[in-house]
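Survey of secondary and tertiary structure
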Amino acid sequence: MWAERYPSKNYAGHAELIQKHKSFSAEDFIQIGKWKDAAKTEAKWKENVASVAYLVWMQAALELPKCPEDNEVEKFLVDWSERKYTDEFASGPTEKRFGLSRATTLLHFISGEQFPIFDSRVRRAMNRLLGSTVPNSVRWYLDSYRPLFWEVAVLCGTEDVRMVDKALFSYGGRKPI
């Protein structure tokens, strides 16, 4: 039920990108960035746009990161989530971080869905399910969220990772229906 409420039209192209996960090109990393940051127009996909981490997505396009080995996942997430960029606005420069949400999105795609996305809506869904506030940290993501994500999949009787991801995203909306 919750997966059906996912705004698919706003996040088209997921399946096509996942299929390429072992051989991403620079353009594919740009597409992942546009997908994550909902940058549907060229006016939205450039430096100094408030909700777009354009400069770090361009770093990914240059570096072409690969899925880390299991013992390197934490290091990968810390590295990417802590990457900083500066946006220039009329009020002056603002330093921002790429963040855990984008870092897990990057890992989600390069791992071929082996790692779920952990964004603010998913955190809100987990808050509701657990009845407590969950930390926005790499450690909590690895130690708690991943096992809980797979437990939800088992309880729902599905191996469809994307369906679980969509359901949690939808359930974590501001006002659950």
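Refer to the structure printed above.
First, a word on what this report is: a plain description of the structure on this page. The model shown is predicted, which means the values in this text are computed figures rather than measured ones.

**Here's the deal with the pairing of strand 1 (residues 84-89)**
As defined by bridge partners, strand 1 adjoins strand 2 (residues 92-97) across 6 bridges and the pair is classed as antiparallel. Paired with Tyr 85 across the bridge in strand 2 is Lys 96. Remark: 2 residues form the turn of the hairpin made by strand 1 and strand 2, two consecutive strands paired antiparallel.

**Concerning the packing of helix 6 (residues 120-130) against helix 7 (residues 138-155)**
It is the contact of helix 6 with helix 7, at a shortest axis distance of 12 Å, that shows an interaxial angle of 70°. Taken together, the axes of helix 6 and helix 7 lie roughly perpendicular to each other. Seen from above, helix 6 lies across helix 7 with left-handed handedness. Here Val 122, Met 126 and Leu 130 of helix 6 come into contact with helix 7, specifically with Trp 140, Tyr 145 and Leu 148. Split by residue class, the contact of helix 6 with helix 7 holds 6 nonpolar, no polar and no charged.

**Quick word on the nonpolar core**
With 46 residues, the main nonpolar core has Phe 29, Leu 77, Trp 80, Tyr 141, Tyr 145 and Leu 168 as its most contacted residues. If you list the elements that add at least two residues to this core, you get helix 1 (14-19), helix 2 (26-36), helix 3 (54-63), helix 4 (73-82), helix 5 (99-110), helix 6, helix 7 and helix 8 (161-171). Among the elements that make up this core, the one with the highest residue count is helix 7 (7 residues). Tyr 141 has contacts with Leu 77, Leu 100, Thr 104, Phe 115, Pro 116, Phe 118 and Arg 146, leaving out every residue within four places of it along the chain.

**With respect to helix 2**
Taking burial as the measure, the 11 residues of helix 2 include 8 buried ones, the bulk of the element. Taken residue by residue, helix 2 has Asp 28, Phe 29, Ile 30, Ile 32, Gly 33, Lys 34, Trp 35 and Lys 36 as its buried positions. Buried positions along helix 2 lie against helix 1, helix 3, helix 5 and helix 8. Looking one or two residues past helix 2, Ala 38 carries a phi angle of roughly 50°, positive in sign.

Basis of the calculations
Residues numbered from 1 in each chain as written. Predicted model: local features only at pLDDT ≥ 70, side-chain atom pairs only at ≥ 80, totals over all residues. Heavy atoms only, no water. Pairing = 2+ DSSP bridges. Helix = DSSP H or I, 4+ residues; strand = E, 2+ residues; numbered from the N terminus. Axes fitted to C-alpha atoms, helices over the stretch in contact; angles between N-to-C directions. Parallel < 35°, antiparallel > 145°, perpendicular 65-115°, else oblique. Left-handed = near helix turned anticlockwise from the far one by under 90°. Contact = heavy atoms within 4.5 Å. Nonpolar A, V, L, I, M, F, W, Y, C, P; charged D, E, K, R; others polar. Core = buried A, V, L, I, M, F, W, Y, C linked by side-chain atoms within 4.5 Å. Buried < 20%, exposed > 50% of the residue type's maximum accessible area, 1.4 Å probe, protein only.

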